[in-house]
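Report on the structure
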Amino acid sequence: MARKYLIETFGCQMNVHDSERFAGLLEQAGYEAAADLSEADLVLLNTCSVRERAAEKLFSRLGEDPIAARVDGSRPVIAVAGCVAQQEGRAILRRAPYVDVIVGTQAARQLPALVEQALASGRAQFDVDRYEDVSFPLGVARRGDPVKAYVTILEGCNDHCAYCVVPSTRGRERMRSKADILAEVQEAVAGGRREIQLLGQIVNDYQAPDDPACDFPALLEAVDAVRGVERIRFASPHPRHASERLIAAIRDLPHVCKHVHLPIQSGSTRVLQLMRRRHTREDYLRLVDALRHAVPAVAISTDLIVGFPGETLEDFECSLSLVAAVRFESMFSFKYSERPNTLAARRMPDDVGGEEKARRLAALHDVQREIQMEGYRAAVGGVFDVLVDSVSRRRAQEVAGRTTGNVVVNLPGRREWLGRTLRVRIVGAGSNSLRGEAAEVGD
Ligand code: SF4
C-alpha cells in the first residue's frame, strides 16, 4: 500500500509553489496525497520566516497532536522545509526533538532521499546546503490550482534590505533559464491553466542565463506569445529596478494584467534609506506617475511596514500621506518584526513600542480601507473582464474570479465557467471583493 503524505504550507506564493514541487517529488517516490492528518505517513511543514510570528507558527504546530503523537502512540515522519528550516537547521531539534527531516530552501530535490534515510537509520536527517542549480524537472510539480500556475523565474536576492530575512534563507540570486521557464509555461497551458504567475524575489532583476538579450520585459514578451496564455501576473518587482521598458511591456502586451504589486515599505525617504531600499519617496511617486500615464487603468498594490527602528511620528505621517496620494488598490501591511541575520537586527534597536506599532498599523488600515471602499463603490455599474478561477465553497451556484486589476469578484455561475474570462457587470461592493453578474456568457 502506498504511503501517504500531507503538506502544510505557511507564507508566500514561492512557498505555495515549492509545496507543489514537494508533492510532485513525493508522488514520483511512490507516495500518495493523504486526505487528512490521520492517514498521513509523512507530514511536511513548509515554513515561513518573514516575521517572528510566522516562524513561531512552526513550533506551535509541531507541538500539536496528532503531529507529535497519535492515540496508538505511532506518529508520522515529520519533515520541516522552507525558510525556518534553512534559518534554524539542527537548532529545530532543540525545541522539537521528534523532527525526522530538515530540508533547506535550496535542497528540495533531496527530500525523498532524506525521508528514506531517516526511516532506514531512525536518525534525523538534514540538508540545508546551498545548491546553484535552480532548474526543476518538467511535469513533476503537482499544481493545486486548475486555472492559475506559478512559475518561478529566479530564486534568492542580492539586495539585503535591512529588515529582510530572505537573502539569508533563500540565498543569493540565481536565474532560471529562459528555455526552462517557457517550457514550464507551455506545460502549464497544456494542462489547462490560463493564468501564469511569474515568481521571484525581484522579478524585474531577471536576466536569462541562456539568452543575454532576455531581461524581464523580454521574458514577459516571450511568455505573452505562448499560445493559450490568457493572463500574466508577476510578483514582485522592486521599484528601484523598474524601467520604461517594463512599463511599456505592461501597456503593450495583451496578456499582461494591468496590475502591479509595487512594495513601498515606507513613505519616508529617511526610513527608506535606513531600510536600504535604495530609492526615495519621490522616485516611487515618479514611477507611479509614469505607470499611470502609460496605463491609466493600472491597479497598484503594495507592502508597507510600520514601526521600523527609528521611525518617528513624522516619518509615519509620510507613509500615511503617500498612501493617500497613490490610492493603492490593496495593501499588505505589517508591524516591524526583528528577524535574525538582518542588518537591522545587528545594528538598529527595535525602539518603536508594540502598542505604538499597533496604533500606527490601525491608523494605516483605516486610511487604506476608506480608499479601497471608495474604489470598490466606484466600480459598481461598470463591466469588467473576470477570469473565473474558483467555485464558492459556501454558496452553491456561485463562482469567483479576478479582474485584470486583481480585484476579487463573486457572481452567480456554474463550475463549467472555471478558466473562462467573462464580461461581468458589477452590482455591489463589499470590503474586500465585488459582487457581479455575468453580462455575456456565450456558449
Ligand atoms: S528586495 Fe529586499 S525585501 Fe525583497 S526579498 Fe530582497 S532583501 Fe527582501
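The following paragraphs examine the structure supplied in this document. (Residues numbered from 1 in each chain as written. Predicted model: local features only at pLDDT ≥ 70, side-chain atom pairs only at ≥ 80, totals over all residues. Heavy atoms only, no water.)

1. A look at the site of the ligand
Taken together, C157, D159, H160, C161, Y163, C164, V166, P167, Q201, I202, H238 and R277 make up the full set of residues near the ligand. Looking at the shell around the ligand residue by residue, the class counts come to seven nonpolar, three polar and two charged. (Near = heavy atom within 4 Å. Nonpolar A, V, L, I, M, F, W, Y, C, P; charged D, E, K, R; others polar.)

2. Looking at the sheet that holds strand β18 (residues 421–429)
Pairing within the closed barrel is mixed, and its five strands lie in the order β15-β16-β17-β19-β18. On average, each strand axis in the sheet is tilted by 55° relative to the strand beside it, whichever way the strands run. The strands touched by helix α14 (residues 354–379) are β15 (383–391), β18 and β19 (434–440); relative to β18, the strand with the most contacts, the crossing angle is about 115°. (Pairing = 2+ DSSP bridges. Helix = DSSP H or I, 4+ residues; strand = E, 2+ residues; numbered from the N terminus. Axes fitted to C-alpha atoms, helices over the stretch in contact; angles between N-to-C directions. Contact = heavy atoms within 4.5 Å.)

3. Concerning the sheet that holds strand β6 (residues 125–127)
Read from one edge of the open sheet, six strands run β2-β1-β3-β4-β5-β6, paired in parallel fashion. Bordering the open sheet on either side are β2 (32–33) and β6, each of which pairs with just one other strand. Strand direction decides the pairing type here: strand β4 (residues 77–82) and strand β5 (residues 101–103), joined by three bridges, are parallel. Each bridged residue has a counterpart across the sheet, and for A79 the counterpart in β5 is V101.

4. Details of the packing of helix α11 (residues 281–294) against helix α12 (residues 313–326)
Working note: a packed helix pair is described by the angle between its axes plus the distance between those axes. Two elements in contact, α11 and α12, have axes whose closest approach is 11 Å; the angle formed by their N-to-C orientations is 10°. In this view, α11 runs roughly parallel relative to α12, as classed from their interaxial angle. Residue-level inspection shows R281, Y284, L285, V288 and R292 of α11 in contact with α12, the latter providing C318, S321, L322 and V326. When its residues are assigned to classes, the contact of α11 with α12 shows six nonpolar, one polar and two charged. (Parallel < 35°, antiparallel > 145°, perpendicular 65-115°, else oblique.)

5. Here's the deal with the state of the cysteines
Following the criterion strictly, the structure yields zero disulfides and no others. C257 supplies the cysteine sulfur nearest to C214, a cysteine that is in no disulfide, at a spacing of 19 Å. You can call C214 buried: its relative accessible area is 1%. (Disulfide = S-S within 2.5 Å. Buried < 20%, exposed > 50% of the residue type's maximum accessible area, 1.4 Å probe, protein only.)

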